[in-house]
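Coordinate inspection notes
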Protein chains: 2
Amino acid sequence: MISTAEENYLKAVFKLETELQGTVPTGALAQSFNIQAPSVTDMVKKLASKKLLRYEKSKGVRLTDKGRKIAVAIVRKHRIWETFLVQTLEFRWDEVHALAEQLEHVHSEELIDRLDTFLGHPKIDPHGDPIPDKNGKIQATRAITLKMGEPGNTYKLIGIREDSIELLQFLNKLKIGLGSVLFIEDRESFDQSLRVKVDNKAQGFLSAIVANALLVVDA
Amino acid sequence: MISTAEENYLKAVFKLETELQGTVPTGALAQSFNIQAPSVTDMVKKLASKKLLRYEKSKGVRLTDKGRKIAVAIVRKHRIWETFLVQTLEFRWDEVHALAEQLEHVHSEELIDRLDTFLGHPKIDPHGDPIPDKNGKIQATRAITLKMGEPGNTYKLIGIREDSIELLQFLNKLKIGLGSVLFIEDRESFDQSLRVKVDNKAQGFLSAIVANALLVVDA
DNA sequence: TAATAAAATTAGGTAAGCCTAAAAATATTT
DNA sequence: AAATATTTTTAGGCTTACCTAATTTTATTA
Ligand SMILES: [Mn+2]
Ligand SMILES: [Mn+2]
Ligand SMILES: [Mn+2]
Ligand SMILES: [Mn+2]
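A short tour of the structure in this document, coming up. Quick caveat, the model's predicted, so the values are computed rather than measured. (Residues numbered from 1 in each chain as written. Chains lettered and ligands numbered in written order. Predicted model: local features only at pLDDT ≥ 70, side-chain atom pairs only at ≥ 80, totals over all residues. Heavy atoms only, no water.)

1. Let's talk about the packing of aromatic side chains
This model, assessed by the stated rule, comprises 6 aromatic pairs over all chains. Aromatic pair A:Trp81 and A:Phe84: ring centres 5.7 Å apart, planes at 80 degrees, arrangement edge-to-face. Of this pair, A:Trp81 and A:Phe84 are both found in helix α4 (residues 65-87), 3 residues apart, which corresponds to roughly one turn of the helix. An identical accessibility class is assigned to A:Trp81 and A:Phe84; each is buried. Linked through ring pairs, A:Trp81, A:Phe84, B:Trp81 and B:Phe84 together constitute an aromatic cluster. Over the ring of B:Phe91 we find A:Arg114, and its NZ or CZ is 4.4 Å from the ring centre. (Phe/Tyr/Trp six-rings, centres within 6.5 Å; stacked < 30°, edge-to-face > 60°. Helix = DSSP H or I, 4+ residues; strand = E, 2+ residues; numbered from the N terminus. Buried < 20%, exposed > 50% of the residue type's maximum accessible area, 1.4 Å probe, protein only. Lys NZ or Arg CZ within 6 Å of the ring centre and 35° of its normal.)

So this is what it looks like as structure tokens:
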């Protein structure tokens, strides 16, 4: 049996592997859980002994296929639950992450499959993140971040690259949501912030940090 | 914060207090969790120190008002989740208990309230057990067990007094479910088993043990 | 490359929730 | 009321998932 803590480690390694494009140092895991480094060293040794990841001392870890399979299954559960909470129970997109963090650890394939069917096999969650299918296949996206966009171009928001409630609520304030049309009027060279129009209404500046979290496609 | 283990203890004490009509000995808890007695002694001391129950050494425990409130809230969650699983996700009544045992520990009032609303404020769960309302009020039932019924009388099944999957599946086989009409033809004096007709079709004998788990009202 | 800084590991410890073995308290039989 | 049986508690241990302090390894800078 796999514990909630172990599942969370695998999920975090999965995420960090993509972000860091390779081996995940133990320190990155410590930071992401807000725990101390030695706790991570212990745990990755255990996960390595279970063949869920490979651990190179003082270098970091990589998921094994077995570990990645579990990680993706949890991401799938997380996103299906988030979709259920927003679509069916009418929570706002900024309210569901913490709940999904709990629900993703409920052990039952059958439950997730039925939820998935009930929801009509959704392809993305309320934040635009792709929902892995039953076989662990994740829809590739050709989205870029708004930060990479060009002044004079128009983009459509299709995802948020962040779990932060604060960011989601900030976007609520700006009346920006999935599907919003963002026109880049200008990029301020001083801080790389962007002056944008949202849905054709003048809006103001988005910091480079925010722009970097917004996944967009050409509109 | 209250842990899953602690919540399970409170729920069990709540159940056993009614069944035993009073103080719950530690041994009864050990038996109900299939764990050893010393583990229970430890835990009830902790719960007593948290004022969730009163503990008299070598006698047993009683819930405090604070403890009972938590216990009832968990029973409410358990039954709402079971209702959701059967009503919305179309699980069978014998499939949902173990899942609800996990889901009942998800911490969120809001989630349960929204589920409750989504389900239309159900009064009973798929096994006929009353769902406590938001204030912890539990609908009193004037049901008796079929065992207490009289030959010649007709009853309607409104609840099952048991969490056993085996019993539920046995009832499935007998085509007995909530709402079934049970006519007691005879009581066998040797073993107190009952010869019954189910929904007007001859059925055969129900053991006293089964009859004792069936909650019925006059039909 | 030697010195220094940063990151990771080792060593030893804690709380939660379980365990076994032994002792004590309570209940039942004779 | 003794003797015996049953139930409960005490004492000491184990595992999981964390911790701090000290040490070692790796990376950076002089
Ligand atoms: Mn999320
Ligand atoms: Mn999401
Ligand atoms: Mn149940
Ligand atoms: Mn039930």
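2. A short note on the coordination of the manganese ion (ligand 2)
Residues and elements named next belong to chain A. The protein atoms that coordinate the manganese ion (ligand 2) are Glu82 (OE), Asp125 (OD) and His127 (ND1), at distances of 2.1 to 2.4 Å. Taken as an interatomic distance, the gap from the manganese ion (ligand 2) to the manganese ion (ligand 1) is 3.5 Å; Glu82 donates to each of them. Of this pair, Glu82 sits in helix α4 while His127 sits in the loop between α6 (109-118) and β3 (144-145), placing them 45 residues apart in sequence. Residue Glu82 is classed as buried on the basis of its relative accessible area of 2%. When its relative accessible area of 5% is taken as the criterion, His127 is described as buried. (Donors = N, O, S within 2.8 Å, 3.2 Å for Na, K, Ca; no water.)

3. A few points about the packing of α4(A) against α6(A)
Residue and element names in this part refer to chain A. Two elements in contact, α4 and α6, have axes whose closest approach is 10 Å; the angle formed by their N-to-C orientations is 45 degrees. Comparing their axes, α6 and α4 come out oblique. When you trace α4 past α6, the crossing you get is left-handed. Residue-level inspection shows Arg76, Lys77, Ile80, Trp81 and Phe84 of α4 in contact with α6, the latter providing Leu111, Ile112, Asp113, Leu115, Asp116 and Phe118. Grouping the amino acids of the contact of α4 with α6 by side-chain chemistry returns 7 nonpolar, no polar and 4 charged. (Axes fitted to C-alpha atoms, helices over the stretch in contact; angles between N-to-C directions. Parallel < 35°, antiparallel > 145°, perpendicular 65-115°, else oblique. Left-handed = near helix turned anticlockwise from the far one by under 90°. Contact = heavy atoms within 4.5 Å. Nonpolar A, V, L, I, M, F, W, Y, C, P; charged D, E, K, R; others polar.)

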